[in-house]
Amino acid sequence: MPPLVSYKFPIIGHTFDFFLKPEKFLKQCREEYGDIFCLYIWGQVRVFVGIEIARKEHFGEVYSRDDVFDVLKAFNKRFPIDVLCPDLLKVSPVAPKTLKDTIFSKLKLYSDRMQKRVYLSTQKHFGDCDESKIFYNLFEIVTKIISDPIANIIIGEEESQHEEVLNSFANFIIDSMIFLTIPPFLDIIYPGLQEYVNRIQIRLGLYNPAVKHRKPLLKHIEKQVCKRLQEKEKYGDSWKRPDDHLQDLMEEHDPNNISCPYLLDRIYLIIFASIHTTAIAITNVILSLASRPEYMQELYEEQLKVHKETNVNGIIPFEALSDMKKLDSFIRETLRLSVNVAGIDHLVKKDYTFSNGLQIPKNCITSIYIDDVYRDEPKSFEPFRHLDINIASKVTKNFLTFGNGKHTCPGRQLAVNNIKFFMHNVILKYNFRTVSSKIEESRGTGFTALPVETSTAGVIFEKRV
């Protein structure tokens, strides 16, 4: 086994050191025990695999061995999607397609629609800001803004106009965050107790964010499914196929045997995967720029140049995203420094021996310790250090925001495009700065690095003149 870091208190082990000061504590453990080590946290032993520059082979083993390391099963322990979306297990689609085939291959097609919805939703929630406005709940506001363009390409242009649909998209994310943000304190009593309690309260209906927002969404899905099937039968080859993910899902099934609850559960998966991560990323980018107003003018000049040279009726072409080199680098640097200090958990499906001879048992959890992989001032915020890359979503060995290997986030380009559309708009329309006039950073507790608490991270928005 990898070395177990010594601890003083039985049962508690390293839990509080890890929870309260994860970055400092993990760095100390790596220096003393090497690139692979074990901690006793939340009532069980967990293996940490580092990505120290000199020894990337161990980190690579975790990502390349799908037969041993399962990221989805580990995530399901924290976020019980199989209980939240039970209809996923009841229906087997005829020819399931990947998100890459349906949504992510059509980003250029969706570009204009996404921009329009981002701009309209931003105006709705931020307003003109003729007078200064202070926003303390940025994550919730951004979640509602991003829910608009995501709903448009998932459930369609017609249904995404309804306020209850947008509210269901956004509030499902906000209400579901509890499963990821509350630490598993009950596991100290007995390993797995927290997961058991989460599943029980969902099954008993004591707290189930999916059911809470299910009825309005299901109503609109059923309406669209019936309408589309009737119109297709009526107009035949002349029927105009809707371009959205709902239609892609419908075409995976026999028209006479479409399960709307199943379609809803599939949509819930996309909602969580796309809106949750994008909203956190945008919130961090806003806070990062608001904390460093010295970069505002330089980014504004770039966005103004792109807008003047490419926009048509306020909409920029998809290709113009590649001209936002400085914004792209700023986004990538923000994402690099706001990533969880440790995470990307994998469940070990069978006993495994690393290439250095260390062994780990079946059913344990391995976590990737995301170390300082930049040799030159790794903790320093250098907004334009990535100008040569010019693709914020590009995955490299020293940039793990979107994962790595076979399970690299397939929606990373969609997320970055939404971030760019949003930031392009707000930089051109507003000046913004933190209330504290200080640098506000992500708040790390254990595995989770979230935007800083809203009570201390107010952002002042003013109309740009």
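Keep in mind that what you see is a predicted model, and the values were worked out from it rather than measured.

**Concerning the packing of aromatic side chains**
Each aromatic ring pair is summarised here by two numbers: the centre-to-centre distance and the angle between the ring planes.
Consideration 1: Counted according to the given criterion, the structure contains 25 aromatic pairs.
Consideration 2: Consider the rings of Tyr295 and Phe330, whose centres lie 6.4 Å apart with planes at 65°: the pair is edge-to-face. In this pair, Tyr295 is assigned in the loop between α15 (260–291) and α16 (296–310) and Phe330 in helix α17 (residues 325–338), connecting sequence segments 35 residues apart.
Consideration 3: Through a chain of ring-to-ring contacts, the aromatic side chains of Phe126, Phe135, Phe422, Tyr430, Phe432 and Phe461 assemble into a single cluster.
Consideration 4: Lying across the ring of Phe381, Arg292 places its NZ or CZ 3.8 Å from the centre.
Consideration 5: It is Arg464 that lies over the ring of Tyr300; its NZ or CZ is 3.9 Å from the centre.

**Observations regarding the pairing of strand β2 (residues 44–50)**
Across a regular strand the side chains alternate sides, sitting on one face of the sheet and then on the other.
Consideration 1: Burial runs high along β2: 5 of the 7 residues are buried.
Consideration 2: As paired strands, strand β1 (residues 36–41) and β2 are joined by 6 bridges and run antiparallel to one another. Opposite Ile41, over in β2, you have Gln44 as the bridge partner.
Consideration 3: In this antiparallel pair of consecutive strands, β1 and β2, the connection spans 2 residues, and Trp42 shows a positive phi of 50°.

**Describing the pairing of β1**
Consideration 1: By the criterion of burial, β1 is predominantly enclosed, with 6 of the 6 residues buried.
Consideration 2: Residues Ile36, Cys38 and Tyr40 line one face of β1 and the alternating positions Phe37, Leu39 and Ile41 line the opposite face, and both faces are buried.

**Considering the nonpolar core**
Consideration 1: Ranked by internal contacts, the top residues of the largest apolar core, which has 90 residues, are Phe126, Phe169, Met423, Phe432 and Phe461.
Consideration 2: Top contributing element to this core by residue count: α15, with 19 residues.
Consideration 3: Taken domain by domain, the makeup of this core includes at least three residues from each of domain 1 (1–84 + 342–369) and domain 2 (85–339 + 370–463).
Consideration 4: Beyond its immediate chain neighbours, meaning those up to four positions away, Phe126 contacts Lys133, Phe135, Leu138, Ile141, Ile145, Phe422, Val426, Tyr430 and Phe461.

**With respect to unusual backbone geometry**
Consideration 1: For Ile11, which is not a glycine, the phi torsion comes out positive at approximately 70°.
Consideration 2: Owing to a relative accessible area of 53%, Ile11 belongs among the exposed residues under this scheme.

**Regarding the sheet that holds strand β4 (residues 133–135)**
Consideration 1: Overall, antiparallel pairing links the 3 strands, which are arranged β4-β12-β9 in an open sheet. In the strand order of this sheet, the two ends are held by β4 and β9 (430–434), each with one partner. Averaged over neighbouring strand pairs, the angle between their axes works out to 25° when direction is ignored.
Consideration 2: Running at roughly 85° to β9, α15 makes contact with β9 and β12 (459–463) of the sheet.

**Points about the confidence of the model for the chain**
Consideration 1: Looking at the chain as a whole, the pLDDT averages 84, with 85% of positions reaching at least 70.
Consideration 2: When the elements of the chain are averaged for pLDDT, strand β11 (residues 448–450) gives the smallest value, 49, and α16 the largest, 94.
Consideration 3: A low-confidence stretch, residues 449–455 stays under pLDDT 50, and its non-local contacts, those more than four residues away or across chains, total 27 contacts.

**Points about the packing of α17 against helix α18 (residues 412–429)**
The relative placement of two packed helices is expressed as an angle between their axes plus a distance between the axes.
Consideration 1: At their nearest, the axes of α17 and α18 sit 11 Å apart, and the two run at 115° to each other. As the angle between them shows, α17 and α18 are arranged roughly perpendicular. The way α17 lies across α18 gives a crossing that is right-handed. In this structure, α17 contributes Leu327, Asp328 and Ile331 to the contact, and α18 contributes Ile419, Lys420, Met423, His424 and Ile427.
Consideration 2: Looking at the contact of α17 with α18, its residues break down into 5 nonpolar, 1 polar and 2 charged.

About the thresholds
Residues numbered from 1 in each chain as written. Predicted model: local features only at pLDDT ≥ 70, side-chain atom pairs only at ≥ 80, totals over all residues. Heavy atoms only, no water. Phe/Tyr/Trp six-rings, centres within 6.5 Å; stacked < 30°, edge-to-face > 60°. Helix = DSSP H or I, 4+ residues; strand = E, 2+ residues; numbered from the N terminus. Lys NZ or Arg CZ within 6 Å of the ring centre and 35° of its normal. Buried < 20%, exposed > 50% of the residue type's maximum accessible area, 1.4 Å probe, protein only. Pairing = 2+ DSSP bridges. Core = buried A, V, L, I, M, F, W, Y, C linked by side-chain atoms within 4.5 Å. Domains from an automatic or database assignment. Contact = heavy atoms within 4.5 Å. Axes fitted to C-alpha atoms, helices over the stretch in contact; angles between N-to-C directions. pLDDT = per-residue confidence, 0-100. Parallel < 35°, antiparallel > 145°, perpendicular 65-115°, else oblique. Left-handed = near helix turned anticlockwise from the far one by under 90°. Nonpolar A, V, L, I, M, F, W, Y, C, P; charged D, E, K, R; others polar.

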